[in-house]
Amino acid sequence: MTRWGWAGLALWGALGLGGCSESPAGAVTCALLGATVGVDEVVVDREVGLRCVCMADGEGRCEPLTDMGAEAPDRGGLADQAVDMAPPRDMAPVPDEGPEPDQGPRPDDGPEPDQGPEPDEGPEPDMAPDPDMGPEPDMAPPEPECEAGQPVCVGGERFTCTAAGRLGPADPCPAGELCALGGCVAATPDVMLLVDTSSSMDTAVADGEAEAFPICESADAPFTQLGRVKAALEALFQTDAVDQVRLGLAHMPTDFTRTFDCPEGYYRQRRVWPSFSVDPQTYSDPDYMQVRDGVIGVPWVPEGGTDVAGLLSWVDEAEVFEPNGLACDDPACYGACNRDNCLTHTDPELRSVGDSVFGKALFIAATYVEKEVLSAGVECGACPEPYACVGGTCQDPLGDCRQRAVIVFMDGPEVEDFDETQSYFAPTVQAKRLRYGLGCAVDEDCLGVAVCDTGRCRAGRCTTDPSLACGERADCPDGGRCTLRDLNYGGAETAWVIREPDGRPARMTVHVIDASGTNAGADLAHWGEGLHVVVDDYDVGNLLAAYQTVIAEVRARTARCLEAR
């Protein structure tokens with residue numbers, strides 16, 4: 001019997017839905033659901049969801065229809081219903097057993113109690129599954145949501161899948177990581193520290209005396225501009241910054257020399273460049289390798305993390321070369337030579353030598369990223385951090401938010417007087433190339449908020465908040481408008497941006513720590529959409545704070561992007 005029970009008949013009678021009476025001829029009839037019927041006659045009304053039968057004891061009994069959808073897809077009213085004058089199969093008396101117990105009047109008991117199903121009839125009519133419908137929806141086994149025992153990512157959080165195929169308790173990723181593609185992925189930004197190592201960085205800012213090569217300057221009492229910067233970097237490399245970002249180190253383009261002395265050490269300024277310094281479309285791997293090690297001191301670790309020992313070796317005021325077994329005329333010898341022995345740095349050092357060549361240094365740093373770091377679309381093998389194998393190729397699951405940045409330290413402007421409308425290697429042109437793009441055919445060829453306008457990627461600043469970069473069609477707060485500015489560089493190079501191997505443009509931000517005293521790095525930071533942090537002196541604490549400020553901003557930009565995903 002259903003939860004309504006036959007005892008609900010009185011309620012239905014009160015509503016005018018059913019009741020029994022004695023006919024003038026003495027036959028028992030029942031008024032059920034608006035119809036007058038005799039004993040054992042059944043009335044079904046799908047509109048109200050009831051099936052009723054007139055009983056021989058003068059009582060009408062009703063029960064809800066539980067399979068209304070199957071029996072009456074049009075949910076019609078009484079006029080559309082067939083009234084079966086014979087009892088339904090599941091309510092007929094059982095042959096050879098005489099009348100059912102509920103067939104005779106029971107004046108002392110009132111309405112009969114719930115009888116339950118006949119022994120041979122199986123489940124109650126409202127409990128039996130429709131043979132055409134399969135099991136009731138709440139009876140079907142639930143579909144598994146996940147693979148048992150496997151981690152599942154939901155909104156950047158990791159959960160464990162239970163044996164029943166349901167999300168289990170949270171299994172948090174380590175600090176600084178998000179769950180993506182079923183595993184924890186580091187949201188760690190990539191930061192390249194590009195240090196001005198021009199000869200002007202040998203300027204003394206305190207009393208001190210140079211020591212004999214290879215020490216040149218005491219690490220405990222640095223007195224030159226570069227010595228103070230290296231002391232700040234040494235302190236930085238011993239903070240948690242090395243865990244918060246993946247750090248690399250670069251410097252002004254240099255070559256190696258056969259003479260070793262202070263302050264240059266084993267270095268000399270690179271003055272001869274491969275052909276791509278004139279036509280960037282023609283650079284090749286051998287060309288790149290000729291200058292790569294003269295700019296990139298400590299590359300990013302492919303397995304993730306930071307090579308702290310490698311970074312410290314460049315700022316410890318010690319320098320050592322050792323023979324590597326190659327002859328000096330071997331094409332693979334890119335290092336210094338001594339008595340026809342090719343030498344390799346076993347302990348390199350940042351040295352003050354040559355000119356400030358920021359544009360070409362940025363180009364080589366970006367070429368390093370493009371050739372050795374970006375991996376989206378590469379066939380899966382050992383995908384480098386932070387890429388993971390997705391559908392047979394390496395992909396960065398957080399690539400839309402991951403920050404790649406260059407932090408330039410400068411004590412003065414670029415040595416070359418570049419024409420920004422003509423010179424591809426002007427520092428501002430390279431900064432814009434990395435952050436917004438140079439030439440374009442459609443908006444998708446540009447980066448960030450830049451838009452494609454007459455073949456150039458253009459970006460500007462909001463009049464109401466100049467710290468906000470904007471594109472021509474971007475909205476500025478408080479009713480501000482976007483003031484577009486362009487370098488009007490008109491070169492024909494196709495190397496407008498750096499790209500992932502699958503062809504997608506990739507962006508880098510350029511920040512500047514400016515010790516020039518003339519805001520020489522303001523335009524470089526503007527076109528790199530980075531911070532411009534001015535330092536007024538070479539106090540080691542102030543220099544360290546400047547680096548920490550920029551790194552905090554890089555991490556904050558990553559976090560803001562991830563929160564908005």
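Computed from a prediction, not measured in an experiment: that's the story for all the values here. (Residues numbered from 1 in each chain as written. Predicted model: local features only at pLDDT ≥ 70, side-chain atom pairs only at ≥ 80, totals over all residues. Heavy atoms only, no water.)

Draft legend 1. Fine view of the overall build of the chain. Each helix and strand in the chain was counted, giving 10 helices and 30 strands. Sequence-distant contacts in the chain: of pairs separated by 6 or more residues, those separated by 24 or more amount to 59%. Counting every atom, the chain has about 26900 Å² of accessible surface; 50% of that belongs to carbon and sulfur. (Helix = DSSP H or I, 4+ residues; strand = E, 2+ residues; numbered from the N terminus. Contact = heavy atoms within 4.5 Å. Areas by Shrake-Rupley, 256 points an atom, 1.4 Å probe, with all protein chains shown as cover.)

Draft legend 2. How the structure looks around the environment of Gln430. As for its position among the elements, Gln430 is in helix H8 (residues 427-435). Once you skip the residues sitting within four places of it in the chain, Gln430 turns out to touch Gly359, Leu362, Phe363, Tyr424 and Phe425.

Draft legend 3. Spatial organisation of helix H3 (residues 225-236). End to end, H3 covers 17 Å across 12 residues, agreeing with the expected 16 Å (1.5 Å per residue, within 8%). Most of H3 is tucked away, with 10 of its 12 residues classed as buried. For H3, every residue scored as buried is listed here: Gln225, Leu226, Gly227, Arg228, Val229, Lys230, Ala231, Ala232, Leu233 and Leu236. Those residues of H3 that are buried lie in contact with strand S12 (190-195), helix H4 (241-244), strand S22 (404-410) and helix H10 (540-564). (Expected span 1.5 Å × (residues − 1). Buried < 20%, exposed > 50% of the residue type's maximum accessible area, 1.4 Å probe, protein only.)

Draft legend 4. The packing of H3 against H10, seen in detail. Between H3 and H10, whose axes approach to 8 Å, the crossing angle comes to 55°. As the angle between them shows, H3 and H10 are arranged oblique. Crossing of H3 against H10: the hand is right-handed. Contacts between H3 and H10 involve Arg228, Val229, Ala231, Ala232, Leu233, Ala235 and Leu236 from the former and Val540, Leu543, Leu544, Tyr547, Gln548 and Ile551 from the latter. Partitioned by chemical class, the residues of the contact of H3 with H10 number 11 nonpolar, 1 polar and 1 charged. (Axes fitted to C-alpha atoms, helices over the stretch in contact; angles between N-to-C directions. Parallel < 35°, antiparallel > 145°, perpendicular 65-115°, else oblique. Left-handed = near helix turned anticlockwise from the far one by under 90°. Nonpolar A, V, L, I, M, F, W, Y, C, P; charged D, E, K, R; others polar.)

Draft legend 5. Quick look at the pairing of strand S11 (residues 183-186). Here strand S10 (residues 177-180) runs beside S11; their pairing, made up of 4 bridges, is antiparallel. Across the sheet, Cys179 pairs through a bridge with Cys184, a residue of S11. Between S10 and S11, which pair antiparallel in sequence order, lie 2 residues; one of them, Leu181, sits at a positive phi of approximately 60°. (Pairing = 2+ DSSP bridges.)

Draft legend 6. Examining the confidence of the model for the chain more closely. Per-residue confidence for the chain gives a mean pLDDT of 78, with 76% of residues at or over 70. Counting interchain partners and residues more than four positions distant, the pLDDT-below-50 stretch residues 67-101 has 47 contacts. Per-residue pLDDT stays below 50 along residues 103-113; that stretch engages in 15 contacts with residues further than four places along the chain or on separate chains. (pLDDT = per-residue confidence, 0-100.)

Draft legend 7. Structural view of the state of the cysteines. The full count for this structure, using the stated rule, is 13 disulfides. Disulfide pairing is shown between Cys153 and Cys179; the S-S distance is 1.9 Å. Around the S-S axis, the bridge from Cys153 to Cys179 shows a dihedral of about -65° and counts as left-handed. Separated by 26 residues along the polypeptide, Cys153 in strand S7 (residues 151-154) and Cys179 in strand S10 bring together distant segments of the chain. Note that Cys383 is cross-linked by a disulfide to Cys394, the S-S spacing being 2.0 Å. The S-S bond linking Cys383 to Cys394 shows a torsion near -85°; that makes this disulfide left-handed. Taken together, the residues Cys383 in the loop between helix H7 (358-373) and strand S20 (388-390) and Cys394 in strand S21 (residues 393-395) connect sequence positions 11 residues apart. Cys394 shares its class with Cys383; the two are buried. (Disulfide = S-S within 2.5 Å.)

Draft legend 8. Quick look at the packing of H7 against H8. Put simply, H7 and H8 touch, their axes get as near as 7 Å, and they point 25° apart. Taken together, the axes of H7 and H8 lie roughly parallel to each other. The handedness of the crossing between H7 and H8 comes out as left-handed. Residues Phe358, Gly359, Leu362, Phe363 and Ala366 of H7 touch H8, and the partners they reach there are Pro427, Gln430, Arg433 and Leu434. In the contact of H7 with H8, the residues fall into 6 nonpolar, 2 polar and 1 charged.

Draft legend 9. Molecular detail of the sheet that holds strand S5 (residues 50-54). Reading across the sheet, the 3 strands line up as S4-S5-S6 and stay open at both edges, with antiparallel pairing between neighbours. In this open sheet, the two strands that pair with only one neighbour each are strand S4 (42-45) and strand S6 (60-64). Across the sheet, the mean angle from the axis of one strand to that of its neighbour is 20°, orientation sign disregarded. When S5 meets S6, the two strands line up antiparallel, connected through 5 bridges. Across the sheet, residue Arg51 finds its bridge partner in S6, namely Glu63.

Draft legend 10. Molecular detail of the pattern of salt bridges. Under the defined criterion, the tally for this structure stands at 16 salt bridges. Between Arg404 and Asp190 there is a salt bridge, with the nearest N and O atoms lying 3.1 Å from each other. With Arg404 in strand S22 and Asp190 in strand S12, this pair connects stretches of sequence that are 214 residues apart. Note on Arg404: relative accessible area 8%, which makes it buried. Ionic pairing is found between Arg458 and Asp453, a salt bridge with its closest N-O pair at 3.2 Å. With relative accessibility at 15%, the residue Arg458 sits in the buried group. A single salt-bridge network, built from bridges that share partners, covers Asp190, Arg246 and Arg404. (Salt bridge = Lys/Arg side-chain N within 4 Å of Asp/Glu carboxyl O.)

Draft legend 11. Region of the structure containing the pairing of strand S29 (residues 509-514). Across the 6 residues that make up S29, a large majority, 6, are buried. The two faces of S29 match: Thr509, His511 and Ile513 on one face and Val510, Val512 and Asp514 on the other face are all buried. Alignment of S22 against S29, held across 6 bridges, turns out to be parallel. Opposite Met410, over in S29, you have Asp514 as the bridge partner.

Draft legend 12. Geometry of the environment of Asp419. Within the secondary structure, Asp419 sits in the loop between S22 and H8. For Asp419 and Tyr489, which are 70 residues apart along the polypeptide, the C-alpha to C-alpha distance reads 8.8 Å.

Draft legend 13. How the structure looks around the sheet that holds strand S9 (residues 167-170). Taken in spatial order, the 3 strands make up an open sheet running S7-S8-S9, and their pairing is antiparallel. Each edge of the open sheet carries a strand with a single partner, namely S7 and S9. With strand direction ignored, the average angle separating the axes of adjacent strands in the sheet is 45°. Where S7 meets strand S8 (residues 157-161), 4 bridges bridge the pair, whose relative direction is antiparallel. Along S8, the bridge assignment pairs Val152 with Phe159.

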